[in-house]
Amino acid sequence: MKSVVAVIPKRPRQLPSGGTGARDAPEGTAAAMFKGGYLVTNAHVVGRAVNADIRLADGRLVAVEIVGRDTRTDLALLKAPMEFPVPRTAPAPTIGGRVCAIGNQFGLGLSVTCGVVSALRRTNAGFNPVEDFVQTDAAINPGGSGGALVDGEGRLVGIVSAIFTKQSDADIGVNFAAVIGLVRRVVGDIKDHGRVKIGRSGLLTAPLSLEDRRQWSGARVARIISGSAAEASDLEVGDIVTRIDDRPIVRPSDARAAIFMRRPGDT
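Below is a summary of the structure that appears in this document. Starting afresh in each chain, residues are numbered from 1 along the sequence in its written order. In keeping with the predicted nature of the model, local features appear solely for residues at pLDDT of at least 70, side-chain atom pairs appear and are counted solely at 80 or more, and the whole-chain, interface and lining totals rest on all residues. Excluded from the side-chain calculation are hydrogens and water; included are all heavy atoms of the structure.

Observations regarding the sheet that holds strand 12 (residues 175-179)
Piece 1. Note on pairing: DSSP must find at least two bridges between two strands before they are called paired. Helix numbering and strand numbering both begin at the N terminus, where a helix is a DSSP run of H or I of at least 4 residues and a strand a DSSP run of E of at least 2. As summarised here, the arrangement of the 6 strands in space is 7-8-9-12-11-10, forming a closed barrel in which the pairing is antiparallel. For this sheet the average axis-to-axis angle between neighbouring strands, irrespective of direction, equals 45°.
Piece 2. Sheet analysis places strand 7 (residues 98-103) next to strand 10 (residues 148-151), joined by 4 bridges and oriented antiparallel. The residue of strand 10 that forms the bridge with Cys 100 is Val 150.
Piece 3. Contact criterion: two residues are considered in contact whenever any of their non-hydrogen atoms come within 4.5 Å of each other. Between the N-to-C directions of two axes lies an angle of 0 to 180 degrees, each axis being a line fitted to C-alpha atoms and, for a helix, fitted only over the stretch in contact. Helix 2 (residues 180-193) contacts strand 11 (156-163) and strand 12 of the sheet and is inclined by roughly 55° relative to strand 12.

Structural notes on the pattern of salt bridges
Piece 1. The salt bridge definition used is simple: a Lys or Arg side-chain nitrogen within 4 Å of an Asp or Glu carboxyl oxygen. What the rule picks out here adds up to 15 salt bridges.
Piece 2. A salt bridge links Arg 55 to Glu 27, with the shortest nitrogen-to-oxygen separation between them at 3.1 Å. Here Glu 27 lies in the loop between strand 1 (4-10) and strand 2 (28-34) and Arg 55 lies in strand 4 (residues 51-55), a separation of 28 residues in the sequence.
Piece 3. As a salt-bridge pair, Asp 70 and Arg 72 come within 2.6 Å of each other at their nearest N and O atoms.
Piece 4. In this structure, a network of salt bridges that share partners links the residues Asp 151, Glu 153 and Arg 155.

Quick word on the nonpolar core
Piece 1. Take the buried Ala, Val, Leu, Ile, Met, Phe, Trp, Tyr and Cys residues and link them wherever side-chain atoms come within 4.5 Å; each set so joined is a nonpolar core. Three exposure classes are used, based on accessible area relative to the maximum for each residue type with a 1.4 Å probe and protein chains only: buried under 20%, partly exposed in between, and exposed over 50%. Among the nonpolar cores identified, the biggest contains 37 residues, and Met 33, Val 183, Val 186 and Val 187 are the most heavily contacted of them.
Piece 2. The set of elements that each furnish at least two residues to this core consists of strand 2, strand 3 (38-41), strand 6 (75-79), strand 7, strand 10, strand 11, strand 12 and helix 2.
Piece 3. Here the element with the most residues in this core is helix 2; it accounts for 6 residues.
Piece 4. In contact with Val 186, not counting residues within four places along its chain, are Asp 70, Thr 73, Leu 75, Val 196 and Phe 260.
Piece 5. Ala 32, Val 45, Leu 56 and Ile 66 belong to the second-largest nonpolar core, a separate cluster that totals 18 residues.

Here's what the structure looks like:
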């Protein structure tokens, strides 16, 4: 609990009805990620804000710097003028494993809700261009975005990112947290380089046809950019990619998530 704080973004004057910025949230959550006062939250929590406050457990407000954002993964890095205990990170969770979400739900202050890991490696939820989610049934509501998803030992499993709803902001037990490996990759680059370093593979994939899926699983190579790493790998248009590193590939979004983890110069 000492590693998690409420976030209150300071935004420009409210846009008139019909303006952009509908995803802006009045309050959210952030969790300690690195020593030095670094906190991670969601990009949609800070939205268009130029700076923000965090609210501590005793009610005090502390101004923080917005170091950077990455809208592809909906992650952002803040820096506070004080230290927070950085939680240990957990190894890969297992389906059915116990997890708890710590967040500032509805702006009421920090609270804890618990459930299980419902699914892993969700890349097709449709929230962000690049996704790698842990799905959980722990109750999460608006304001909980940016909060910590922890295991039974208090180790960080992921950063709460989205709730899947139908015509409502209410929780229906299908909630997503960005997996901790993706979080560290993104905010680590923001901390060290001021931006996320993206490797360009030159590989574009497409879904398999219905007929193909009766025989195979994977994503079909749709295009290979000349002179790219994909061309050097001897891949050909029409090939079916079934695995990248240790990740099984079922759809093109799986390939995007796997390649995103690699920086320029990686193999």
